[in-house]
Amino acid sequence: MSLLIENASQVVTCHTKGRKFKAGKFQSEIGLLKNTSIYTDGGRIKWIGNKLPARFKSGKMKKIDARGKCVLPGFIDSHTHLVFAGSRADEFSMRIKGSTYEQIARAGGGIISTVKATRKASKAELIELALKRIISSVSFGVTTIEAKSGYGLDTASELKMLEVISELNSELPVDIYSTFLGAHAYPKDKTRSEYLEEILYEMIPQIAKRDLANFIDAFCEKNYFSVADTKKIFMQGIKFGLVPKLHTNQFYSIGGIEAAIECGAISVDHLEVMKPSDIKALINSGIIAVVFPAVSYFLDIPYAPARKMIESKIPVAIATDFNPGSAMSENIQLSMSMAVHMLKMNVEEVINAVTINAAAALGISHNVGSIETGKQADMVIFDTPNYNDLLYHFGINQAEAVIKRGEVIYG
Ligand code: NIG
Ligand code: FE
């Protein structure tokens, strides 16, 4: 069935003008249209304008009156770890009392504690847990999500996590892109070289053969994976058709950015700790800088220098990094609010950062991330006539209807 969204007070198109992402001054252009209607058919945007042409009027059509509302492209959460079992609420409480994330990890908590719980959980249990989180994420306007493995750290458990993501993707209306993050931490029951060999020669070939991941990732950080390990993993991933994206510069700057650029990564994610040379390396690299204000807020660590990166014409995307240790919130609107206040981004930059630039961080900006004819009909209708209200009236959810491929999937 076709869908007509009629007379929206504002349509924020995030138009691309044919580009893959928005950088520099262009990141604050959102392509605002007033009193506009949108017609979708077959899951795609067919027409945007004021008076629907007669040729679109045949057949069954659902109509939504959008007077007094604004319509945005569906949000894209380009970085999450939403498949996991167990809880780290007690660890959180310890952190609040003064322990650091790194101290807790060294004492056997952190990622390793989630690994224990996730290894024990069945696929059905993981699906049930992840499903709730995805529904929550969608309720805030998300229509495309990325999800990672990385809480298995052995072949069977990493495959189990990726199978969960793949099943959720085929059963749910939202698109879920999957990333293999075997290199999230070293497991306690193997030597480092044994585990690295397992990633390279068991996990990657099996994952590729079964088409279980789009991307390959690593946690390139002091005490986790070195630049040399990261490059080996990326080169092997590329050989098997996976696209690299990298967790880097969260606590230290150890050369992850250069490695990512050298390996042709699509995005570098985190970036809380950046040397001037790291920023310089990103300029004109075409890589998307994905930042997580919710991680800085939750761990009380520095915020990524998003303002500086935007001024250096580096395309910036924002994601939740939803995970049990460093950002336990699937609310992308909360991350958007933090981006305004803590990263000093303006409202328009933030909107592009969760739509078109987030799409570019997943290599899908030709298909989603903006409201343009020909694109997939992924949109959100907000119950306000002014898009600034999304960030002005904060702490509440104004998403009224979430539309995926021309169908209302929430609200
Ligand atoms: O992106 N930094 C590495 N990985 C996650 C946190 C994982 C965890 O603490 O469970 C992140 O922040
Ligand atoms: Fe992450």
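Parameters and conventions
Position numbers for residues start from 1 in each chain and track the written sequence from start to end. As they are written, the chains are lettered A onward and the ligands numbered 1 onward, keeping that order. Restriction of local features to residues with pLDDT of at least 70 applies here, the model being predicted, together with a cutoff of 80 or more for giving and counting side-chain atom pairs; totals for whole chains, interfaces and linings are based on all residues. The side-chain values count all of the structure's non-hydrogen atoms but skip hydrogen atoms and water molecules. Per the annotation, domain bounds derive from an automatic or database assignment of domains. The contact rule is simple, with two residues in contact once any of their heavy atoms fall within 4.5 Å. What counts as buried area is the accessible surface, traced by a 1.4 Å probe, that two parts surrender upon association, with contributions from both included. Exposed residues in this analysis have more than 50% of their type's maximum accessible area, buried residues have under 20%, and partly exposed residues fall in between, with area computed by a 1.4 Å probe over protein chains only. Comment: elements are numbered from the N terminus, with helices defined as DSSP H or I runs of at least four residues and strands as E runs of at least two. Basic side-chain nitrogens of Lys or Arg form a salt bridge, by our definition, when they fall within 4 Å of a carboxyl oxygen of Asp or Glu. Only buried residues count toward a nonpolar core, which is a set of Ala, Val, Leu, Ile, Met, Phe, Trp, Tyr and Cys residues joined through side-chain atoms within 4.5 Å.

1. As for the domain arrangement of the chain
- Domain assignment breaks the chain into domain 1 (2–73 + 369–410) and domain 2 (76–360).
- Centre-to-centre, using C-alpha coordinates, domain 1 lies 29 Å away from domain 2.
- At the interface, 36 residues of domain 1 touch 37 residues of domain 2.
- It is Phe 21, Gln 27 and Leu 391 in domain 1 that bury the most area against domain 2; as a group they hold 26% of the surface buried on that side.

2. Re unusual backbone geometry
- Residue Asn 284 is not a glycine yet carries a positive backbone phi of 65°.
- Using a relative accessible area of 77% as the deciding quantity, one classes Asn 284 as exposed.
- One non-glycine residue with positive phi stands out, namely Arg 405, at about 45°.
- With respect to the secondary-structure elements, Arg 405 resides in the loop between β15 (399–404) and β16 (407–410).

3. Observations concerning the pattern of salt bridges
- In the structure shown here, the tally under the stated rule is 20 salt bridges.
- A salt bridge links Arg 119 to Asp 189; its shortest N-O distance comes to 3.3 Å. Placement of the pair is Arg 119 in helix α3 (residues 111–120) and Asp 189 in the loop between β8 (175–183) and α6 (192–209), with a sequence separation of 70 residues.
- You can call Asp 189 exposed: its relative accessible area is 51%.

4. Topic: the nonpolar core
- If you look at the biggest cluster of nonpolar residues, it comprises 117 residues, and the most contacted ones within it are Leu 271, Leu 282, Met 309 and Met 345.
- Top element by residues in this core is α6. It accounts for seven residues.
- When residues of this core are assigned to domains, at least three fall in each of domain 1 (2–73 + 369–410) and domain 2 (76–360).
- Once residues within four sequence positions are removed from consideration, Leu 282 is found in contact with Ile 257, Ile 261, Val 268, Leu 271, Met 274, Ile 287, Ala 289, Met 309 and Ile 314.
- Counting 15 residues, the second largest nonpolar core, distinct from the first, contains Leu 3, Ile 5, Ile 371 and Ala 401.

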